[in-house]
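Take a look at the letters that make up each chain.
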Amino acid sequence: MKIDVVGSLCTWNLDLSTSFIINDEMIFDTPQGSFKTLMNKYDLTKIKYIIISHFHSDHFMDIHLVIDYITHHSQIEKIKIIAPKGCRERLVSLFRIIEISYLEEKLKDKFEIIEIENNKILKFDGYKIKCFKMLHLNLDSYGFIIEKDNSVVGFSGDTAMCNNVRKIISKSQAIFIDSANLEVNNKHLSIGEVEALAKEFKNCKFYAVHLSPYSVEAIKNTSLYHPIQGEVVII
Ligand SMILES: [Zn+2]
């Protein structure tokens, strides 16, 4: 599996928030400010799937620009948007707020929205995607195991420590894991927690992402690996 690291940080850094392009055809999260890079550096006409882990702005907020671009440039008939419940309603509200209501019809014509829930398994075009509800405040936030051609890769999305983090890691060859915090809380994993998981699950390769200005400094004193914006990871 080819994973382009579009961004690997969180909102409060200069560089982009965490998102990925998988096998040139699947966008994982569309953070605010990511569209300029997505459009100029990658070929969005190849995109067939858009995964949204949750609706926080640093995971979702440029999606209208991606939808608009794809609507005007892509020849692909139906693009799947895989997202938590209520995605269509949120998109329609967003289109109205920023006065691009013309996209409502395009959303119906060119996009298929697939709503996710805990333990849901999606299978299409050789992909198997398992969805896991994560602990991110009280939000409907998801992590995933994405499987294709014998590669099994985990994506924690935003999460604090929970059973599903361990489930994802235990079944994955590699994980892109939220490492935003220094302190333990119910919103993000801490660097210390991720270090302990990496020691416990030695068969899984760890890629620490969603780093904050604090954890980006703290990670230098650990053995954890942090992929930078623009890096390409092959699993
Ligand atoms: Zn979040």
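Reading guide: rules and limits
- Residues numbered from 1 in each chain as written.
- Predicted model: local features only at pLDDT ≥ 70, side-chain atom pairs only at ≥ 80, totals over all residues.
- Helix = DSSP H or I, 4+ residues; strand = E, 2+ residues; numbered from the N terminus.
- Buried ≥ 20, exposed ≤ 12 C-beta atoms within 10 Å, placed from the backbone.
- Core = buried A, V, L, I, M, F, W, Y, C linked by C-beta atoms within 7 Å.
- Contact = placed C-beta atoms within 7 Å.
- Axes fitted to C-alpha atoms, helices over the stretch in contact; angles between N-to-C directions.
- Parallel < 35°, antiparallel > 145°, perpendicular 65-115°, else oblique.
- Left-handed = near helix turned anticlockwise from the far one by under 90°.
- Nonpolar A, V, L, I, M, F, W, Y, C, P; charged D, E, K, R; others polar.
- Pairing = 2+ DSSP bridges.

J.: What is the right way to read the overall build of the chain from this model?
T.: Looking only at helices and strands, the chain has 8 helices and 13 strands in total. Principal axes of the C-alpha set define a box for the chain whose edges measure 50 × 35 × 35 Å. Per-residue burial for the chain yields a buried fraction of 43% across its 235 residues.

J.: Just checking my understanding: could you explain the nonpolar core for this structure?
T.: As a rule of thumb, soluble globular proteins bury nonpolar side chains together. Judged by nonpolar contacts, the single largest core of 64 residues is most densely connected at I50, I51, F144, I175, I177, V194 and F206. Excluding residues that lie within four positions of it along the chain, F206 makes contacts with I175, I177, V194, A198, L224 and Y225.

J.: How do you make sense of the packing of helix α3 (residues 63-73) against helix α5 (residues 103-110) when you look at a structure like this?
T.: A packed helix pair is summarised by two numbers, namely the angle formed by the two axes and the spacing between the axes. Closest axis-to-axis distance for the α3/α5 pair is 11 Å, and the angle between their directions is 70°. Viewed along their axes, α3 and α5 adopt a mutual orientation that is roughly perpendicular. At the point where α3 passes α5, the crossing takes the left-handed sense. Contacts between α3 and α5 pair H64, I67, D68 and T71 from the former with L103, K106, L107 and K110 from the latter. Residues of the contact of α3 with α5, tallied by class, amount to 3 nonpolar, 2 polar and 3 charged.

J.: Can you help me understand the pairing of strand β1 (residues 2-7) in this one?
T.: Within a regular beta strand, the side chains point alternately toward one face of the sheet and then the other, so they alternate between its two faces. Of all the 6 residues making up β1, 5 are buried; the element is thus mostly covered by neighbouring parts of the structure. The sheet contact formed by β1 and strand β13 (residues 232-234) spans 3 bridges and is antiparallel. Along β13, the bridge assignment pairs D4 with V232. Of the strand pairs in this sheet, β1 and strand β2 (residues 19-22) are connected by 4 bridges, and their pairing is antiparallel.

J.: What is the right way to look at the sheet that holds strand β6 (residues 111-116) in this model?
T.: Note on sheets: strands pair through backbone hydrogen bonds, and any given pair is parallel or antiparallel. The mixed open sheet is built from 7 strands, whose spatial order is β6-β5-β4-β3-β2-β1-β13. The sheet is open, and its two borders are formed by β6 and β13, each paired with just one other strand. When strand polarity is set aside, the average angle formed by the axes of neighbouring strands in this sheet is 20°.

J.: What should I look at first to understand the environment of A83 in this one?
T.: Counting through the fold element by element, A83 comes out in strand β5 (residues 79-84). Of the residues examined, A83 has 25 C-beta atoms within 10 Å and is grouped as buried. Along the backbone, A83 and F132 are 49 residues apart, and their C-alpha atoms lie at a distance of 12 Å. Setting aside residues up to four positions removed in sequence, A83 forms contacts with I52, I113, E115 and I116.

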